[in-house]
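Summary of structural features
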Amino acid sequence: GNLYAFDRSGRISWNVVLAGVPTQVSIGRDGGLFVGTEYGTLVAIEETGRVAWDYLESSSFLAPVCVEDGVIGATKSGVVVKLNTNGDIAWRFDTAQPIARIVAVDMRETVLLETTDAKLVRVDAGGLLGEPSALIEKSSGAVLSNDGIVVLGNSNWRFAAFYTGFLPAPAWSRVGYDATHIS
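I will try to describe carefully the structure that is included in this document. On a predicted model such as this, the values are computed, not experimentally measured, just so you know.

1. What to know about the overall build of the protein
- Check the secondary structure of the protein and you find 0 helices and 18 strands.
- For the protein, the proportion of contacts with a sequence separation of at least 24, taken over those separated by at least 6, is 28%.
- Carbon together with sulfur atoms contributes 52% to the accessible area of the protein, which is approximately 9700 Å² in total.

2. Quick word on the pattern of salt bridges
- In this structure the tally under the stated criterion is 5 salt bridges.
- The residue Arg50 makes a salt bridge to Glu46 at a minimum N-O spacing of 2.6 Å.
- Through salt bridges with shared partners, a single ionic network connects Asp69, Lys82 and Glu109.

3. Describing a nonpolar patch on the surface
- On the surface, Tyr4, Phe6 and Ile12 cluster together into a nonpolar patch covering about 320 Å² of accessible area.
- We classify Tyr4 as partly exposed; its relative accessible area is 39%.

4. Considering the pairing of strand 11 (residues 99-105)
- Counting buried residues along strand 11, 5 of its 7 residues qualify, which places the element largely inside the surrounding structure.
- Sheet analysis places strand 11 next to strand 12 (residues 111-115), joined by 5 bridges and oriented antiparallel. Residue pairing across strands places Arg101 opposite Glu114, the latter belonging to strand 12.
- From the end of strand 11 to the start of strand 12, which pair antiparallel, there are 5 residues, and Glu109 there has a positive phi angle of about 65°.

5. Quick notes on the sheet that holds strand 6 (residues 51-56)
- Here we have 4 strands laid out as an open sheet, ordered 3-4-5-6, and antiparallel in their pairing. With partners counted over all chains shown, the strands left at the sheet margins are strand 3 (22-27) and strand 6, one partner each. In this sheet, neighbouring strand axes are inclined to one another by 15° on average, regardless of whether the strands run parallel or antiparallel.
- Pairing of strand 5 (residues 41-45) with strand 6 involves 5 bridges; the strand directions are antiparallel. Bridge assignment links Ile45 to a residue of strand 6, and that residue is Val51.

6. Focus on the layout of surface pockets
- Here the largest pocket is characterised by a volume of approximately 240 Å³.
- What lines the largest pocket is a set of 16 residues, and nearest its centre among them are Gly28, Asp30, Gly32, Phe34 and Thr85.
- Broken down by secondary-structure element, the contributors of at least two residues to the lining of the largest pocket are strand 4 (33-37), strand 5, strand 6 and strand 7 (65-67).
- Taken together, the residues of the lining of the largest pocket break down into 8 nonpolar, 4 polar and 4 charged.
- Approximately 160 Å³ is the volume attributed to the second largest pocket.
- When its residues are assigned to classes, the lining of the second largest pocket shows 4 nonpolar, no polar and 4 charged.

7. Considering the sheet that holds strand 10 (residues 89-94)
- Strand order in this open sheet of 4 strands is 7-8-9-10, and the pairing throughout is antiparallel. Across the chains shown, the open sheet's two edge strands, defined by having one partner strand only, are strand 7 and strand 10. Within the sheet, the average angular offset between the axes of one strand and its neighbour, ignoring direction, is 15°.
- Looking at chain direction, strand 7 and strand 8 (residues 70-74) are connected through 3 bridges and run antiparallel. Across the sheet, Cys66 pairs through a bridge with Val71, a residue of strand 8.

8. Some details on the nonpolar core
- Core analysis: the largest hydrophobic core is formed by 13 residues, its most contacted members being Ile72, Val80, Val111 and Leu113.
- Within the residue set of this core, elements represented by two or more residues are strand 8, strand 11, strand 12 and strand 13 (119-124).
- Per-element accounting of this core gives the leading share, 3 residues, to strand 11.
- Residues within four places of Ile72 in sequence aside, it is in contact with Ala63, Pro64, Val65, Val67, Val80, Val81, Lys82, Trp91, Ile102, Val105, Glu109 and Val111.

9. Overview of the packing of aromatic side chains
- All chains considered together, the criterion is met by 3 aromatic pairs.
- Seen in terms of ring centroids, Tyr55 and Phe61 are 6.4 Å apart; in terms of plane orientation they differ by 65°. Their pairing is edge-to-face.
- Overall, Phe61 belongs to the buried group, its relative accessible area being 1%.

Definitions and cut-offs
Residues numbered from 1 in each chain as written. Predicted model: local features only at pLDDT ≥ 70, side-chain atom pairs only at ≥ 80, totals over all residues. Heavy atoms only, no water. Helix = DSSP H or I, 4+ residues; strand = E, 2+ residues; numbered from the N terminus. Contact = heavy atoms within 4.5 Å. Areas by Shrake-Rupley, 256 points an atom, 1.4 Å probe, with all protein chains shown as cover. Salt bridge = Lys/Arg side-chain N within 4 Å of Asp/Glu carboxyl O. Patch = residues over 30% accessible without salt bridge, like charges linked within 9 Å, V, L, I, M, F, W, Y side chains within 5 Å. Buried < 20%, exposed > 50% of the residue type's maximum accessible area, 1.4 Å probe, protein only. Pairing = 2+ DSSP bridges. Axes fitted to C-alpha atoms, helices over the stretch in contact; angles between N-to-C directions. 1 Å grid on protein atoms, 1.4 Å probe; cavity = no way out; pocket = protein on both sides within 12 Å on 5 of 7 lines; lining within 4 Å. Points joined across faces, edges and corners; volume = space filled by probe spheres on them. Nonpolar A, V, L, I, M, F, W, Y, C, P; charged D, E, K, R; others polar. Core = buried A, V, L, I, M, F, W, Y, C linked by side-chain atoms within 4.5 Å. Phe/Tyr/Trp six-rings, centres within 6.5 Å; stacked < 30°, edge-to-face > 60°.

By themselves, these figures tell us nothing about what the structure is for.
Printed below as a string of structure tokens:
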């Protein structure tokens, strides 16, 4: 696949040919890009369009999340990896569960994932944190608050709030709310 950058006038600034179709792109603190591909490559691209490094896994990468000193990525097959700014592996963990998406990453680099069977899983450098927590149904959006609560919504107007355990609080307590009756 190709990834293009355009200047303000709409002209192509640069083009990078990737091994596979880009799945998600995140902008780094330095203006560079982190790009996941369907062929399992996570690529770091500098602002100039130069490929700084790439990392290969065996499954498609979901949206990479930029952190202070690198990037955290997850694959559809369940691998979660943190790569430093130079592309070296800081840590890697295989959840052994198919992942639908990264829901949130906190300041301590704890990663909250949603599995394809609608469970929430927490992972950090030490591996899996606690048991997966079942959702009512698959979510379609999430917000992480500064006090460690994740609010998930879905297309049926239902919301659930979880204490994530990102901060000292009862981990995985849940409050459900059905917004279909709001007028």
